[in-house]
Amino acid sequence: MDVPMRIAGQRQRRVTRADVARAAGTSTAVVSYVLNDGPRPVAQATRRRVLEAVEAIGYRPDSIARALASGATRTLGLVVPDIANPFFAALAHALEDEASRHGLVFLLGDAAEHRERQHELIDSFVTRRVDGLVVVGVDDDLDLEPARQAGLPVVVLDRILGDADASAVGIDNQAAAGAATEHLLEHGRRRIALVTGPDWLPTAVARERGWRDALEAAGLEPDPSLVRRTGFNRSGGYEAGTDLFRLEHAPDAVFVASEQQAVGLLRAAHEARTAVPDTVAVVAIDGTEAAEYCVPSLTTIAQPFDELARRAIELVGQPAGTSRTAVCDFDLVLRSSCGCESPQSRPRT
């Protein structure tokens, strides 16, 4: 078979189904039946000729035309607050892996922690006719109106907002924070500080509530002077740690509501010559690879990225307007920062 050649300085003509039909000695209708596996049967010998022609001349289906014909683009939009954050990067990677197993592709949008940018991305994905949206909101004011008007299914990850027109997937943040604080109590720590996010973020509020619950269950009064609310980032954790370790009655443990904050806090401890875990024990939440390589290695509540991704893909395939919540389990991964001697995993019970 003759294969089209590209001439220098010229754009190669797009190979069409008509080219495949000529190469295979059949009609374009038969080519469509082979490529779409129906609706009419095709003799095995003819099918083989068509597939050989497709391979020989380098035919690639027109995804735009196929989308217009079927009404589905096989693409999903993913909006995250900050892709530079290892937690969101790990989550995006797991989602992309799961999507590919279903023949889907994610278009990634980084909101850069700006509500307006988030809204622009959602509107852009709707315009590009994605089949659904997966969103991690930058705050609790998530505007999903463009998706509602377009009839798109939406899944909210990590920050469960309880939206009537969107499904949600995440861990029980209150229970996770409680488990982390309880582990610090098991080490005999009693003056346990909290470093968390802004009080307008549902995730931060839930994790603060879990910290309080665990202390009160142990007969301890949560100390407001040991609470630091800051950004879910390294600089926020560093500033919070610097402040805490300067206190006259400094904490003997810190529950940190994110690993990025904990990385900053560990640096603050080093600069303050506060030994971790001998002087202050530290436990965080997230479960990214970074926790293993901190010094000391970071004890953390590990979120199940693969399960979060699987449930998100499952729910984004539901009809628009569906509102379901999937709560995934978590593990407490024990490392050096809390005082445990050897790495181990303690599943939630």
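To start, this report covers the structure provided alongside it. Owing to the predicted nature of the structure, the values given are computational and were not obtained by experimental measurement. (Residues numbered from 1 in each chain as written. Predicted model: local features only at pLDDT ≥ 70, side-chain atom pairs only at ≥ 80, totals over all residues. Heavy atoms only, no water.)

A short note on the state of the cysteines
Quick note on the threshold: A pair of cysteine sulfur atoms is labelled a disulfide when the two atoms are within 2.5 Å. For the exposure calls, accessible area comes from a 1.4 Å probe over protein chains only, and a residue counts as buried if that area is under 20% of its type's maximum, exposed if over 50%, partly exposed in between.
Inspection of every chain in the model, using the stated rule, returns 0 disulfides. No disulfide involves Cys 338; its nearest neighbouring cysteine sulfur is the one of Cys 340, lying 3.4 Å away. Residue classification places Cys 338 among the buried positions, given a relative accessible area of 0%.

What about the pairing of strand β10 (residues 299-302)?
Applicable threshold: Note on conventions: DSSP H or I runs of at least 4 residues are helices, E runs of at least 2 residues are strands, and numbering of each starts at the N terminus. Being paired, for any two strands, means DSSP has found at least two bridges between them.
Because side chains alternate across β10, one face comprises the buried residues Thr 299 and Ile 301, and the other comprises Thr 300 and Ala 302, equally buried. Judged from the 4 bridges that link them, strand β9 (residues 281-286) and β10 form a sheet pairing that is parallel. In the sheet register, Ala 284 faces β10, and the bridge partner there is Thr 300. With 3 bridges joining them, β10 and strand β12 (residues 331-334) adopt antiparallel strand pairing. Bridge pairing in β12 links Ala 302 to Asp 331.

Points about unusual backbone geometry
Cis rather than trans, the peptide bond between Val 276 and Pro 277 has omega equal to 10°. Tracing the sequence through the fold places Pro 277 in the loop between α11 (259-271) and β9. With omega at -5°, the peptide bond leading from Val 295 into Pro 296 counts as cis. Its location among the elements puts Pro 296 in the loop between α12 (290-293) and β10. For Arg 273, which is not a glycine, the phi torsion comes out positive at approximately 55°. If you check the backbone angles, Asp 286 has positive phi at about 160° while not being a glycine. For Asp 286, the position within the fold is in strand β9. With a relative accessible area of 6%, Asp 286 lands in the buried category.

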